[in-house]
Amino acid sequence: MIDFNKLARPKGNVAPIDPLEIFAKTPNLKDAPNDLWKGQAEALEKWHATRSADDNAILLNTGAGKSIVGILVAQSLVNEQIGPIVFACSTIDLVNQTARECDRLGISYTTRVQGAFSNDLFEIGKAFCITTYQALFTANTTFGGEKKPAGVIFDDAHVAERMIRDAFTLTVTKEDFPALFTKIVEMVRPEFDSIGKGAHLNFILEQFGQQSVTMCPPASAHRHKEELIEAIKSVKNFRKTDLFFPALRLWEHIGNCAIFVSANSVEITPPFIPTGVFDFLGKGVRRVYLSATMEFETDFVRGFGRRISDRIVPDNDAGNGERLILLSSRFVDKPEKRELAKEILKSHKLLISVPSYPKAVPWKGIGTPPNRSEFTEALQKFRDDKTGAFVLVSRIDGIDLPQNTCRVMLIDGAPSGANLMDQYLFSHLSLSNLFSTKMASRVTQLLGRINRGRSDYGAFLIYGSDLNVWLKTERNVALLPPLIRKQVILGQTVQEGMTSSNAEEVNALISQVMARDSGWLKFYRDTVDGLEVSSDALERVKEREGQLAVAAVAECSFMTRLWQGDVEGARKALLDVLDDVALVDARLAGWYSVWLGMTYEIDGDAVTSVAHYKKARSRLSAWLNVQFKSAEDLLVEKADGEITLIQRRLLEVNHHGPQALGDLVAKLRIQSRNLLEDKATSNVKEEALRMFGELIGFSASRPDNETGAGPDVVWIDEEAKVGIPFELKTQKNAPAEYSKQEVGQAHNHIQWMKDNYPEISWPGMLIVGPSGVCKAEANPSDDIFLVETTALANRMREFSAKIEDTRGKILLERHTLLKELGGLSEWLIDGWFKVLARNKLKDLR
């Protein structure tokens, strides 16, 4: 038998949750860092103080040690035992790199790449899992059920939008899926024919190898959703192709997507990212976003669907490397790029970045981009080599070439988006503001490939007219991080001082800087801090991006609600921001109108869809592929029989679409706010009450202001022949006293109304003011009533809300609801009076 008294008892072992303490207790391994940098320690300390928040963003420059910070945060959450913790990286290379950092620190981990866990530590709750964004966001992710994340660390969060978008993008290339490509093209061809754009589609398809792309009419995917699914399923071994996972994500919602077509591929993707469908982006999950930059948050919001109000920004200069940035357009002698590259390679290694594979062709003979399977090995070879060139295609993140591994980079063209949607929005619809923050982030990332720390330095040559123009435009440069802004300006200053700039002289300049020339170092130190774009440019960009960040939240809400079947809620999300967006970016507002129009078109509301498409075409392009019949041909029949004045007013506004209703609601709400505004003058308040009456269809005037006699405000229903006089005493303080003189004034007003409007029925007089008493010596008649200012304002707001509630409906539903609303007795003019006339003034004596 076992003697249990002799068995050792398990000792309690409470793991620390303070990340600084976790670091202090890591083993002293050979390659382990001796200590944390100042910025890392400050970031961890601040995060620990707010660790219970759902969202924390930690901003550290490239090369400032974000990975170690993220690893310690992840381990802290594991030790807290809140549930599964995931560390998301942008590439498999970065998963492996993060794993190596864990090994350096002596911290246990699990990786998941290519469908397999490296061990069971994550599954038993003993370690966090390092994986890719793709694995986390894919439709049948393994991180569900018991593995559903309780916390996620998002590495490189500033470029996450692209990777999240990829999870919702089905790409059918002509090379890999020729039969499916042809099926989809023939499926959508009638869509173009029906709007007289068949020739346009043929033009796009004939531009083989070019960047031409078009978008199918917005409701095309909805009309062909069953055919699309069947066509995709018909692909041989469909489940084993690259189509499978994005198809699963889009399966039930493909009708809400856009379809883009080029000569080489078809792309099906939602116009905005429905981030709300992910549980780990909801409430109760700890999220930490690691980012090198978040100067402006618009792209971040588009990816994650949320704004971060309090960011952790440690005071540090790690990652603030030295850069010489030279624009090819400012070279006096205009050296040809291949010639210059060959000259540089005589004395330096060279990284060449191009935005696409066709753009890599001219570099044949100098460098050839490796294929995907050979990429990691080829990149490591370049790191180890002392000479040579490496061609990087459409990669802006996950490539680290610090210090002497490479110090010179040639960027040949703007780092454009690889997907068709990006190309269409930027090249065809010219949504430049939409892409300005994307471009700023991509440029920042590219400049960080060979410049990884405070002690690092490098030279950058910028070719391509698109990127040269972008970097010479002040409002664009204003979007870059502060140091890079200064370095762009400094580089142009250097170029202005060059009297000649052939390939040999440009290489000589680069060599001088790389040799740490004392004159250069002094010039850089003395000059860079004093450079900056204008304060006006910074202020304008800040104002614009602030509004666009609000709009980005609405974009995610629109798509999420559409994904969930809440069409009315989806419409309202965009309608609420449409006017404000139009003030700062009319083209983006036009893009919103395209998709608002789509929701009405698929519901059969031709009038409202045309109204939105018309706005979209006026703001975007006359060549936009939308159904655009004359609105007069699509108007619904007017209501039969007699209608009230308010019904007529509401139905009239309704025919101009939900935006017109939104305008009406906004104006009504302004009047109710002005009525309650303490600092508003009597004149402002009287005008607010008059304007409200006019907006809802009554004849409204201010007799005392206009003629010097009569009450302050009058509403009259000319058809019902009923009127309401208002006398405003809103300047009084509560509790108010209503005097004999004021009561006598009210009696005079009643008589004045009867004398001047004998055909109108006047049920009584409404005195608007704070609650209080009527002086004993006053003798008000039974038809004088006191209405508290707040009660009147609340009634005004209630009516506004009733109209607002109809905005997400289709035209015929809005018509029915507004007709019903305008016919209700409580909203007719005598109904307004009966509801408000509750307190006789005489009863307050």
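Since the structure is predicted, the reported quantities are computational estimates derived from the model, not experimental observations.

### Remarks on the overall build of the protein chain
For the protein chain, the count of helices and strands is 34 helices and 25 strands. For the protein chain, the spread of C-alpha atoms along the principal axes amounts to about 100 × 80 × 80 Å. Carbon and sulfur atoms make up 49% of the accessible area of the protein chain, which totals about 36800 Å². Taking the average place of the 103 positive charges on the side chains of the protein chain and the average place of its 111 negative ones, the gap between the two points comes to 3 Å.

### What about a negative patch on the surface?
A cluster of like negative charges, contributed by D333, E336, E339, E504 and E505, occupies part of the molecular surface. Its place among the elements puts E504 in helix 21 (residues 503–514). By relative accessible area, which is 42% here, E504 ends up partly exposed.

### Examining the packing of aromatic side chains
The final tally for this structure, using the stated rule, is 39 aromatic pairs. Feature note: the residues Y133, F137, F154, F168, F278, F280, Y289, F300, F304 and W563 constitute an aromatic cluster, connected by ring pairs. Residue placement shows R407 over the ring face of Y457; its charged tip is 3.7 Å from the ring centre. Positioned over the ring face of Y457 is R516, at 3.7 Å from the centre of the ring.

### Some words on unusual backbone geometry
Each neighbour pair has its own omega, and for A734 with P735 the value is -5°, a cis peptide bond. Structurally, P735 is set in the loop between strand 20 (722–728) and strand 21 (736–738). Positioned with a positive phi, K334 is a non-glycine residue whose angle comes to about 50°. Within the secondary structure layout, K334 lies in the loop between strand 13 (322–327) and helix 13 (337–344). We classify K334 as partly exposed; its relative accessible area is 49%. Positioned with a positive phi, R516 is a non-glycine residue whose angle comes to about 60°. Among the structural elements, R516 can be located in the loop between helix 21 and helix 22 (518–527).

### Here we look at helix 15 (residues 375–384)
Taken together, the buried positions of helix 15 are F375, L379 and F382. One face of helix 15 carries all of its buried residues, which in axial projection span an arc of 55°. Exposed and facing more than 90 degrees away from the buried side of helix 15 are E377 and K381. Taken together, the buried residues of helix 15 touch helix 4 (92–105), strand 14 (350–354) and strand 15 (389–393).

### Things to note about the sheet that holds strand 13
Strand order in the open sheet made by the 5 strands is 13-17-16-14-15, with parallel pairing throughout. Both edges of this open sheet fall to strand 13 and strand 15, since each of them pairs with a single strand only. Taking each pair of neighbouring strands and ignoring which way they run, the sheet shows an average axis angle of 20°. Here strand 14 pairs with strand 15 via 5 bridges, running parallel. Its bridge partner being in strand 15, I352 is matched across the sheet by V391. In the packing of helix 17 (residues 432–447) onto the sheet, contacts are made with strand 13, strand 14, strand 16 (408–412) and strand 17 (457–463), and the angle to strand 16 comes to roughly 150°. The sheet strands contacting helix 21 are strand 13, strand 16 and strand 17, and the helix crosses strand 17 at an angle near 155°.

Definitions and limits used
- Residues numbered from 1 in each chain as written.
- Predicted model: local features only at pLDDT ≥ 70, side-chain atom pairs only at ≥ 80, totals over all residues.
- Heavy atoms only, no water.
- Helix = DSSP H or I, 4+ residues; strand = E, 2+ residues; numbered from the N terminus.
- Areas by Shrake-Rupley, 256 points an atom, 1.4 Å probe, with all protein chains shown as cover.
- Lys, Arg positive; Asp, Glu negative; His and termini not counted.
- Charge placed at Lys NZ, Arg CZ, Asp CG, Glu CD.
- Patch = residues over 30% accessible without salt bridge, like charges linked within 9 Å, V, L, I, M, F, W, Y side chains within 5 Å.
- Salt bridge = Lys/Arg side-chain N within 4 Å of Asp/Glu carboxyl O.
- Buried < 20%, exposed > 50% of the residue type's maximum accessible area, 1.4 Å probe, protein only.
- Phe/Tyr/Trp six-rings, centres within 6.5 Å; stacked < 30°, edge-to-face > 60°.
- Lys NZ or Arg CZ within 6 Å of the ring centre and 35° of its normal.
- Arc of directions from axis to C-beta.
- Contact = heavy atoms within 4.5 Å.
- Pairing = 2+ DSSP bridges.
- Axes fitted to C-alpha atoms, helices over the stretch in contact; angles between N-to-C directions.

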